[in-house]
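Coordinate analysis (summary)
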Amino acid sequence: VAVANCPLTGIPVAAGGSVPQRPALAVKIDNYPAARPQSGLDKADVIFEEPVEGGITRFAAVFQCQNATLVGPVRSARNIDIGILGQLGTPLLVHVGGIDPVLANIEASPLVNVDLMYYGSLQTHPSGRVAPYDTYSTTARLWSTRPSLTTPPQPLFTYSSKAPKGTPVSSVTIDFSGTSDVTWKYNPATADFLRY
């Protein structure tokens, strides 16, 4: 019996399951130090880290095979989202506002605009969080905005069971800025690179 794989991770779906018949769901999540800790990133299939103003970064957390019971803090959209997320077909882009030219560009793109400014019933505001770092939701609520969209995205990557040739490393650092230096360290216990 063939096992179905999640299109964005290449990982087999849960035993006896199938790939969910839904589009990719991209949620803009703040990465400013005051916004941490974020919620839901551990359930994302793919996370894009984008530079934004002032040397900070923001995440576009993309969900498809897994659900997150809490995801956020959700922040505004940027033009870069259109180019990055356009490769996912017609994903839902969840954000809270943005400047008018960016919002117009999103409306003219293949992305499905889910601006939480207009979906107050989808928002959750956890205790202990303050604006602008207090807007959260769940993936189930967010997908429920477009139940007629049932096409999963095409895979972004190809996968192999063979390790690629190259020099092994134990860490990788990307110097976005003084606020957002990013280091990935290999954890042999889990066979994963973890972000610091």
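All figures in this text were calculated on a predicted structure; none of them were measured in a lab.

**Focus: the nonpolar core**
Counting residues in hydrophobic clusters, the biggest one holds 18 residues, and the most contacted among them are Leu 25, Val 27, Phe 63, Val 71, Val 94 and Leu 142. If sequence neighbours within four positions are ignored, Leu 142 has contacts with Leu 25, Val 27, Val 71, Leu 92, Val 94, Leu 116, Leu 122 and Ser 137. Ala 26, Leu 85, Leu 88 and Leu 111 belong to the second largest nonpolar core, which has 15 residues in total.

**Observations concerning the side chain of Ser 39**
Mapped onto the elements, Ser 39 comes out in the loop between β1 (25-30) and β2 (46-51). Since its relative accessible area comes to 19%, Ser 39 is described here as buried.

**Thoughts on the confidence of the model for the protein chain**
This prediction gives the protein chain a mean pLDDT of 92; 99% of its residues lie at or above 70. Averaged pLDDT values over the elements of the protein chain bottom out at 85 in strand β8 (residues 192-195) and peak at 98 in strand β4 (residues 92-95).

**Some remarks on the layout of surface pockets**
Approximately 910 Å³ is the volume attributed to the largest pocket. Residue lining of the largest pocket: 27 residues in total, with Asp 45, Ile 47, Trp 184, Asp 192 and Phe 193 positioned closest to the centre. Elements represented by at least two residues in the lining of the largest pocket include exactly β2, β7 (181-187) and β8. Among the elements that line the lining of the largest pocket, the one with the most residues is β8, at 4 residues. Residues belonging to the lining of the largest pocket are distributed by class as follows: 14 nonpolar, 6 polar and 7 charged.

**So, helix α2 (residues 100-107)**
Buried within α2 are the following residues: Val 102, Leu 103 and Ile 106. Mapping the buried residues of α2 onto a view down its axis gives an arc of 100°, with all of them on the same face. Along α2, exposed side chains directed more than 90 degrees from the buried face belong to Asp 100, Pro 101 and Glu 107. Considering only its buried residues, α2 is in contact with α1 (80-85), β4 and β5 (112-115).

**Quick word on unusual backbone geometry**
Residue Pro 73 follows Gly 72 across a cis peptide bond; omega there is 5°. When you line up the elements, Pro 73 lands in the loop between β3 (57-63) and α1. Ala 131 connects to Pro 132 through a cis peptide bond whose omega is 5°. Within the secondary structure layout, Pro 132 lies in the loop between β5 and α3 (139-143).

**Concerning the sheet that holds β8**
One key point about sheets: their strands pair by backbone hydrogen bonds, in either a parallel or an antiparallel sense. Strand order in the open sheet made by the 3 strands is β6-β7-β8, with antiparallel pairing throughout. Among the strands making up the open sheet, the edge pair consists of β6 (171-175) and β8. Sheet twist, expressed as the mean angle between neighbouring strand axes with direction ignored, is 20°. Pairing between β6 and β7: 5 bridges, direction antiparallel. Counterpart to Asp 175 in the pairing with β7 is Asp 181.

**Thoughts on the sheet that holds β2**
Reading across the sheet, the 5 strands line up as β2-β3-β1-β4-β5 and stay open at both edges, with mixed pairing between neighbours. Single-partner strands in this sheet number two, and they are β2 and β5. Here the strands of the sheet are splayed against their neighbours by 25° on average, with no regard to which way each runs. Both β4 and β5 contribute to a ladder of 4 bridges, which runs parallel. Residue Leu 92 lies in a different strand from β5, and its bridge partner there is Val 112.

Definitions and limits used
- Residues numbered from 1 in each chain as written.
- Predicted model: local features only at pLDDT ≥ 70, side-chain atom pairs only at ≥ 80, totals over all residues.
- Heavy atoms only, no water.
- Core = buried A, V, L, I, M, F, W, Y, C linked by side-chain atoms within 4.5 Å.
- Buried < 20%, exposed > 50% of the residue type's maximum accessible area, 1.4 Å probe, protein only.
- Contact = heavy atoms within 4.5 Å.
- Helix = DSSP H or I, 4+ residues; strand = E, 2+ residues; numbered from the N terminus.
- pLDDT = per-residue confidence, 0-100.
- 1 Å grid on protein atoms, 1.4 Å probe; cavity = no way out; pocket = protein on both sides within 12 Å on 5 of 7 lines; lining within 4 Å.
- Points joined across faces, edges and corners; volume = space filled by probe spheres on them.
- Nonpolar A, V, L, I, M, F, W, Y, C, P; charged D, E, K, R; others polar.
- Arc of directions from axis to C-beta.
- Pairing = 2+ DSSP bridges.
- Axes fitted to C-alpha atoms, helices over the stretch in contact; angles between N-to-C directions.

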